[in-house]
Amino acid sequence: MSASNATATSISHSERRTLQRFLGLYAFLALLILILGSTIYYKLQKDLMLQTKRLELEEYSKELIDGLKLLHIYFDRYRTYPRNPLYRSAIYDADSVRIFSTLDDPEGVQLDKVIYTTGRVIQYIHVLDSYYLGAKYVVVEIDDDRKWFVQTWKNILLYGGALLALFLTAGLVLVRLFLAPMRHAIRLLDRFIKDTTHELNTPVNAILTNIEMIDTEHLDEKTTKKIKRIEIGARTISNIYQDLTYLILHHKIASQNREVDMSHLVQERIDYFKILGESKKIEFETDIQPGVKLYIDEGKAARLVDNLLSNAIKYNRRGGEIFVRLRPGELLVQDTGIGMDQSAIKDVFKRYKRFDTSVGGFGIGLNIVAMIAKEYNLHIDIRSKKEKGSEVYVRW
Amino acid sequence: MVGSGRRSLVVGRWIRALTVGALLLGSAQLLADRGKNIYERNCVACHRKLPVALDKFFFNYLLKYSSERRVKEALQRFLKHPTKKKALASEELINQYGLMPKTELSDTELRRAIDTYWETYKVFGKIK
């Protein structure tokens, strides 16, 4: 699982996906209705055209049948088929065998129909009562000028297009209407976090600075322990505070990128988190190569490392281990925690996603990791086995 | 007159049979010729006495039955068992000359005669 494509899942992103899905379905249905309507319209236009042509063709067929009758009676003297430059015709016997034809293409005639167009010609079939010359079917054919066809298609495209545009506009309005409550809820949550964050800063700092000022040497062991617990709590809150600030402000503050000594930074952050790990009896093991550099904003690098470490603690078991290894181009944070499913891994970068709800947190940690990774083109690789633990690789 | 006609016919047939045998012509031609003989001898001979020509009868059948198959079937039906009901000829004609007598030909002979009848008057290939 890489973070480069598991982008920082923001609200607008999921919103856009919902929007796209809905619009897709909506457009599909609208199109279906339009196609149905167009088909009916097309058929009606075609029938209308054929009805008009039919009158003309019926006249022709009557004329032709009169000619056939004469030919039938005087066949011993005349054998010339009645022709007219206005139309072409053919006669077929009761077994559909062609007796005579002046048609362009006598093969494709459909004797079971009355009138139809092949696209090139319109053919009308008249069934005789008296089979002059043995002819049961008279076929009269004229050219199809395709004017109706062009006109019909023009109308379908014009009105169909207009209707589709109307449908889609209505769809967009509907989507906005449906999304309004969801947007509202998310905005509310964001604002709530923002407000809370503001109120957190001062008290947390006050606690942390004052704890540092306490001279523990003159205190008894019990009190020292208590103060340590207070410090752990304060640091946890501070960490959450940092994350939230990052989320709210990261796009407002320009990154101050420079060569950061990652070896130093990682060691410092581990020292900071050691105390948090102690509460769960978690041992840190490190293999940090000195002098590993990365061109990055120091604050963001700290957020990245902090979140990986804090997760490793959060999802670790009591008395577990955390192994941190730093090499040029690679940082590994490995825990002996609960691990997760393959399917869960792809979701971990989503905001407000906690893959174990029994553990506290807002589910923003890995979302921040993903955002930072994206900004600096870091590649994040998570390997996890359920009940065995996870390995998170950051490569650059 | 009739006797000499018949003799010349017999001689002609003998010669033709010989020729056919000698030249090994296809049997189809032979059958057609035989059909033509039966038709000429039987149908045409008797019909010469009638004022209505055979082709008029043919066109009546065409008018009513249309296709080759159906015309031939109808002819077969009529010629084997002529009835007033089945007849297409006008009533005056039948009253004057009587209903056509039931054919004496065998089924195969009749079929060949009808085939010839059809070939003689069919419109296929004749319309211009």
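All residue numbers here refer to positions counted from 1 along the written sequence of the relevant chain. Each chain is given a letter, starting from A, and each ligand a number, starting from 1, according to the order in which they appear as written. For this predicted model, a pLDDT threshold of at least 70 governs which residues receive local features, and a threshold of 80 or more governs which side-chain atom pairs are given and counted, while totals over whole chains, interfaces and linings are taken from all residues. Side-chain figures throughout are based on the complete set of non-hydrogen atoms in the structure, without hydrogens or water.

Colleague: An account of the overall build of chain A is needed here, citing residue identities and associated values.
Modeller: Counting its regular elements, chain A contains seven helices and twelve strands. Here's how the labels work: a residue is buried when its accessible area is under 20% of the maximum for its type, exposed when over 50%, partly exposed in between, all with a 1.4 Å probe on protein chains only. For chain A, the proportion of its 396 residues judged to be buried stands at 42%. Where helices and strands are cited, they refer to DSSP runs of H or I of at least four residues and of E of at least two residues respectively, numbered from the N terminus.

Colleague: Please set out the sheet that holds strand β3 (residues 115–117) of chain A residue by residue, giving values where relevant.
Modeller: Residues and elements named next belong to chain A. Read across the open sheet, the five strands follow the order β2-β1-β5-β4-β3; overall the sheet is antiparallel. Both outer strands of the open sheet, β2 (98–101) and β3, are each paired with one neighbouring strand and no more. On average, each strand axis in the sheet is tilted by 20° relative to the strand beside it, whichever way the strands run. Should DSSP find at least two bridges between two strands, the strands are regarded as paired. In terms of strand pairing, strand β1 (residues 88–92) meets strand β5 (residues 137–143) through five bridges, oriented antiparallel. Within β5, the position partnered with S89 by the bridge is V140. For helices, the fitted axis covers only the stretch in contact; all axes are lines through C-alpha atoms, and the angles between them, taken along N-to-C directions, range from 0 to 180 degrees.

Colleague: Quick rundown of the pattern of salt bridges? Include the residues and the values.
Modeller: Residues and elements named next belong to chain A. Each reported salt bridge corresponds to a side-chain nitrogen of Lys or Arg within 4 Å of a carboxyl oxygen of Asp or Glu. Applying the stated criterion across every chain, the model contains 28 salt bridges over all chains. Here D104 ties to R88 by a salt bridge, and the two come within 3.4 Å at their closest N and O atoms. Taken together, the positions of D104 in the loop between β2 and β3 and R88 in strand β1 put the pair 16 residues apart, joining distant regions of the chain. R98 is the salt-bridge partner of E107, the closest N and O atoms lying 3.6 Å from each other.

Colleague: Help me get a handle on the side chain of D55 of chain B, residues and values and all.
Modeller: Within the fold, D55 of chain B resides in helix α3 (residues 54–65). A positive count includes Lys and Arg, and a negative count includes Asp and Glu. His and the chain ends are not counted in either. Despite its burial, D55 of chain B remains without a salt bridge, the nearest opposite charge being carried by K56 of chain B at 4.9 Å. Every residue pair with non-hydrogen atoms within 4.5 Å of one another is taken to be in contact. Setting aside residues no more than four positions away along its own chain, D55 of chain B makes contact with D76 of chain A together with Y121 of chain B.

Colleague: Go over the confidence of the model for chain B, please, and point to the residues and values.
Modeller: Residue and element names in this part refer to chain B. Per-residue confidence for chain B gives a mean pLDDT of 81; residues scoring 70 or more make up 77%. The element-level mean pLDDT for chain B is lowest in helix α1 (residues 2–23), coming to 50, with helix α4 (residues 68–80) highest at 95. Scored from 0 to 100, pLDDT records how confident the predictor is in each individual residue. Low confidence marks residues 1–6, where pLDDT is under 50. Its contacts with residues over four positions away, or in another chain, come to zero contacts. Ignoring residues within four places in sequence, the model shows residues 20–24, a span with pLDDT below 50, making three contacts including any to other chains. Two numbers describe this predicted complex: its pTM, 0.59, and its ipTM, 0.75.

Colleague: Provide a residue-level description of the interface of chain A and chain B, including the pertinent values.
Modeller: Contacts between the two partners involve 24 residues from chain A and, on the opposite side, 17 residues from chain B. Joining two parts hides part of their accessible area as seen by a 1.4 Å probe, and the buried area is that hidden amount summed over both. On the chain A side of the interface with chain B, the three residues burying the most area are F75, R79 and Y131 of chain A, jointly 31% of the side's total. Between D95 of chain A and R69 of chain B there is a salt bridge; the shortest N-O distance is 2.7 Å. For the purposes of these results, a polar contact is taken to be a pair of N or O atoms within 3.5 Å, where, inside protein, one atom must be able to donate a hydrogen and its partner to accept one; residues adjacent in sequence count only when each atom of the pair is a side-chain atom. Taken together, the connections running from chain A to chain B amount to ten residue pairs in polar contact (both at pLDDT 80 or more). For the side of chain A that touches chain B, the elements supplying multiple residues, two or more each, are α1 (11–73) and β2 of chain A.

Colleague: Please provide a residue-by-residue account of the pairing of strand β10 (residues 330–335) of chain A, values included.
Modeller: Residue and element names in this part refer to chain A. A large share of β10 lies buried, amounting to five of its six residues. Bridge count between strand β9 (residues 321–327) and β10: six bridges; the pairing is antiparallel. Among the inter-strand pairings, I322 is bridged to a residue of β10, identified as D335. Counting the residues between successive antiparallel strands, the hairpin from β9 to β10 contains two residues, one of them, G329, with a positive phi of roughly 90°. Bridging between β10 and strand β12 (residues 389–395) involves five bridges; their strand directions are antiparallel. Within β12, the position partnered with V333 by the bridge is V392.

Colleague: Tell me about the side chain of N307 of chain A, and please be specific about residues and values.
Modeller: All names here are of chain A. With respect to the secondary-structure elements, N307 resides in helix α5 (residues 298–314). Exposure remark for N307: the relative accessible area of 2% places this residue in the buried category. Ignoring anything within four residues of it in the chain, the contact list for N307 reads D243, G365, I368 and V369.

Colleague: How would you sum up the sheet that holds strand β11 (residues 379–385) of chain A? Please name residues and give values.
Modeller: All names here are of chain A. Taken in spatial order, the five strands line up as β7-β9-β10-β12-β11 in an open sheet, and their pairing is mixed. Because the sheet does not close on itself, it has two edges, and the strands there are β7 (283–288) and β11. Pairwise comparison of adjacent strand axes, ignoring direction, gives a mean angle of 10° for this sheet. Running at roughly 175° to β7, helix α4 (residues 262–278) makes contact with β7, β9 and β10 of the sheet. Strands in contact with α5 are β7, β9, β10 and β12; relative to β10, the strand with the most contacts, it is inclined by about 20°.

Colleague: Which residues make up unusual backbone geometry, and what values do they have?
Modeller: Residues and elements named next belong to chain A. Within the chain, R146 stands out as a residue other than glycine whose phi angle is a positive 65°. Mapped onto the elements, R146 comes out in the loop between β5 and α2 (147–213). Judged by its relative accessible area of 25%, R146 is partly exposed.

Colleague: Talk me through a nonpolar patch on the surface; I want residue IDs and the actual numbers.
Modeller: Residues qualify for a patch when their relative accessible area is over 30% and they have no salt bridge, like charges being joined within 9 Å and the nonpolar side chains of Val, Leu, Ile, Met, Phe, Trp and Tyr within 5 Å. For every accessible area listed, the method is Shrake-Rupley and the probe measures 1.4 Å; residues are considered covered only by the protein chains on display. Together, L25, F28, L29 and L32 of chain A line one region of the surface with nonpolar side chains, adding up to about 410 Å² of accessible area. Classification of L32 of chain A as partly exposed rests on a relative accessible area of 44%.

Colleague: Can you explain the nonpolar core? Please cite residues and give values.
Modeller: Only buried residues count toward a nonpolar core, which is a set of Ala, Val, Leu, Ile, Met, Phe, Trp, Tyr and Cys residues joined through side-chain atoms within 4.5 Å. Core analysis: the largest hydrophobic core is formed by 53 residues, its most contacted members being L57, L68, I91, L133 and V138 of chain A together with I127 of chain B. The residues touching L133 of chain A, leaving out its near neighbours within four places in the chain, are L68, L71, H72, F75 and I99 of chain A together with F59, L62, V123 and I127 of chain B. Listed in part, the 52 residues of the second largest apolar core include L244, F273, I288 and L304 of chain A.

Colleague: How would you explain a positive patch on the surface if you had to name every residue and give the values?
Modeller: A surface patch of positive charge is lined by K222, K225, K226, R229, K281 and R318 of chain A. Structurally, K225 of chain A can be placed in helix α3 (residues 221–249). Charge coordinates come from a single atom per side chain, which is NZ of Lys, CZ of Arg, CG of Asp or CD of Glu.

Colleague: Give me the lowdown on helix α6 (residues 107–121) of chain B, citing residues and values where you can.
Modeller: One less than the number of residues in a helix, times 1.5 Å, gives the span that helix is expected to have. Taking 1.5 Å per residue, 15 residues should reach 21 Å; α6 of chain B reaches 21 Å between its end C-alpha atoms and fits that length. Those residues of α6 of chain B that sit buried are L110, A113, I114, T116, Y117 and W118 of chain B.

Colleague: Can you lay out α2 of chain A for me, pointing to particular residues and giving the numbers?
Modeller: Its 67 residues place the ends of α2 of chain A 95 Å apart at the C-alpha level, agreeing with the 99 Å of an ideal helix rising 1.5 Å per residue. A residue's bend is the angle separating two fitted axes: one through the seven residues that end there, the other through the seven that start there. Along its length, α2 of chain A reaches its greatest deviation from straightness, about 40°, at L179 of chain A, and the proline P181 of chain A lies no more than four positions downstream.

Colleague: Quick rundown of the packing of aromatic side chains? Include the residues and the values.
Modeller: Within a pair of aromatic rings, the relevant descriptors are the distance that separates the centres and the angle that separates the planes. In this scheme Phe, Tyr and Trp rings, the latter by its six-membered ring, pair at centre separations within 6.5 Å, and the angle between planes marks the pair as stacked below 30 degrees, edge-to-face above 60, and tilted otherwise. Per the stated rule, a full pass over the model turns up 17 aromatic pairs over all chains. Seen in terms of ring centroids, Y60 of chain A and Y87 of chain A are 4.6 Å apart; in terms of plane orientation they differ by 25°. Their pairing is stacked. With Y60 of chain A in helix α1 and Y87 of chain A in the loop between α1 and β1, the pair connects residues that are 27 residues apart, well separated along the chain. Just as Y60 of chain A is buried, Y87 of chain A falls in that class too. For the pair F58 of chain B and W118 of chain B, a centre-to-centre distance of 5.6 Å together with 55° between the ring planes defines the contact as tilted. Here F58 of chain B is found in helix α3, whereas its partner W118 of chain B is found in helix α6, with 60 residues between them in sequence. Joined through ring pairs, the aromatic side chains of F75 of chain A together with Y39, F58, F59, Y117, W118, Y121 and F124 of chain B make up one cluster.

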